[in-house]
Amino acid sequence: MSRIGKLPVNLPAGVSVSVSDDNVVKVKGPQGELCQQVNPVIKVTVEGNEIKFTRPDDLPANRSMHGLYRALVHNMVVGVSKGYEIRQELVGVGYRVDVQGQLLTFALGYSHDIQLLLPAEVKAEAAQVRKGENPVLILRSIDKQLLGQVAAKIRSFRKPEPYKGKGIKFVGEQLRRKAGKSASAK
């Protein structure tokens, strides 16, 4: 049995789940509502305050889907109850981000500014920067998958380079640094 798939998903207070006939799981909570289409092979049942997932046999495809759909529904439950947050730090002289509603404008050392229009489900905020600190962009959403995709897109604008560490990195991320050129003795 899948170690992830056989674990039930516990529902916190204020979260309700409904499973339709065509295996669409809808999760509603204080933060919002999410839905996920589950493969018809995987059976989803709601018992009390737990969601359980069962599979018919041990075929490799069914085993992989068992854990996958359990993890997706668990992420939905956490998202509608608490929400997700990603913090990104802009490391570099003159690097900054301006947030105007859903439009982000980045100054990342290029000859032009980069603009990104966020999806409606993602909220952004630029943390106040004190002198000598790097700007921090805070992204929040109830959809973990969408939030990760947006954060990866933002990071792709200027990936951290290994020599000075300049670029967009996640707060707390450890970068592998390389030694620069060294003067050779003659």
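If you're wondering where the values come from, they're calculated on a predicted model, not measured in any experiment.

A. Focus on the overall build of the chain. Looking only at helices and strands, the chain has 2 helices and 13 strands in total. Computed over its C-alpha atoms, the radius of gyration of the chain comes to 22 Å, more than 25% above the 16 Å expected for a compact globule of 186 residues. Seen along its three principal axes, the alpha-carbon backbone of the chain occupies a region of about 70 × 45 × 25 Å. Relative to its full complement of 186 residues, the chain shows a buried share of 37%. Considering only contacts within the chain whose residues lie at least 6 apart along the sequence, 50% involve residues at least 24 apart. Per element, the accessible surface of the chain, about 11,600 Å² overall, is 51% carbon and sulfur. One way to put it: in the chain the 29 positive side-chain charges average out to a point 11 Å from where the 17 negative ones average out.

B. Up close: the pairing of strand S4 (residues 33-37). Where strand S3 (residues 24-28) and S4 come together, 5 bridges link them in antiparallel fashion. By the bridge assignment for S4, Lys28 is matched with Glu33. Connecting S3 to the antiparallel partner S4 that follows it, the hairpin turn spans 4 residues, and Gly32 within it adopts a positive phi of roughly 160°.

C. Quick look at unusual backbone geometry. Here the phi dihedral of Asn23 falls at roughly 65°; this positive angle occurs in a residue that is not glycine. For Asn23, the position within the fold is in the loop between strand S2 (16-19) and S3. On the basis of relative accessible area, Asn23 is assigned to the buried category, the value being 10%.

D. Quick peek at the packing of aromatic side chains. As enumerated under the stated definition, the model contains 1 aromatic pair in all. Each ring, one from Phe106 and one from Phe157, has its centre 5.6 Å from the other, and the planes form 65°; the classification is edge-to-face. Remark: Phe157 occurs in helix H2 (residues 144-157) and Phe106 occurs in strand S9 (residues 103-107); sequence separation between them is 51 residues. Assigned by exposure class, Phe106 and Phe157 land together as buried.

E. Spatial organisation of H2. In a regular helix each residue adds 1.5 Å, so 14 residues correspond to 20 Å; H2 covers 21 Å between its end C-alpha atoms and thus fits that length. Buried within H2 we find Leu146, Leu147, Val150, Ala151, Ile154, Arg155 and Phe157. As for H2, its buried residues are in contact with strand S7 (84-91), S9, strand S10 (114-117), strand S12 (136-141) and strand S13 (167-170). Its side-chain oxygen at 3.3 Å from the backbone nitrogen of Gln145, Asp143 defines the N-terminal cap of H2.

F. Fine view of the pattern of salt bridges. Following the criterion strictly, the structure yields 10 salt bridges and no others. Linking Glu89 and Lys169 is a salt bridge whose minimum nitrogen-to-oxygen distance equals 3.7 Å. With Glu89 in strand S7 and Lys169 in strand S13, this pair connects stretches of sequence that are 80 residues apart. Since its relative accessible area comes to 17%, Glu89 is described here as buried. Lys169 sits in the buried class, given a relative accessible area of 15%. Glu133 is paired through a salt bridge with Arg130; the nearest N and O atoms lie 3.4 Å apart. The class of Glu133 is partly exposed, set by a relative accessible area of 40%. Taking relative accessible area as the criterion, Arg130 reaches 60% and is therefore assigned exposed. One salt-bridge network, held together by shared partners, links Glu85, Arg87, Glu125 and Arg140.

G. A look at the sheet that holds S4. Across the sheet, 3 strands lie side by side as S2-S3-S4; this open sheet has antiparallel pairing. The open sheet has two edge strands, S2 and S4, and neither has a second partner. Averaged over all adjacent pairs, the angle separating strand axes in this sheet is 15°, with direction ignored. Seen against the sheet, helix H1 (residues 60-81) touches S3 and S4 and runs at an angle of roughly 170° to S4.

The rules behind each value
- Residues numbered from 1 in each chain as written.
- Predicted model: local features only at pLDDT ≥ 70, side-chain atom pairs only at ≥ 80, totals over all residues.
- Heavy atoms only, no water.
- Helix = DSSP H or I, 4+ residues; strand = E, 2+ residues; numbered from the N terminus.
- Rg over C-alpha atoms; globule rule 2.2 N^0.38 Å.
- Buried < 20%, exposed > 50% of the residue type's maximum accessible area, 1.4 Å probe, protein only.
- Contact = heavy atoms within 4.5 Å.
- Areas by Shrake-Rupley, 256 points an atom, 1.4 Å probe, with all protein chains shown as cover.
- Lys, Arg positive; Asp, Glu negative; His and termini not counted.
- Charge placed at Lys NZ, Arg CZ, Asp CG, Glu CD.
- Pairing = 2+ DSSP bridges.
- Phe/Tyr/Trp six-rings, centres within 6.5 Å; stacked < 30°, edge-to-face > 60°.
- Expected span 1.5 Å × (residues − 1).
- Polar contact = N/O pair within 3.5 Å; in protein donor to acceptor, adjacent residues only side chain to side chain.
- Salt bridge = Lys/Arg side-chain N within 4 Å of Asp/Glu carboxyl O.
- Axes fitted to C-alpha atoms, helices over the stretch in contact; angles between N-to-C directions.

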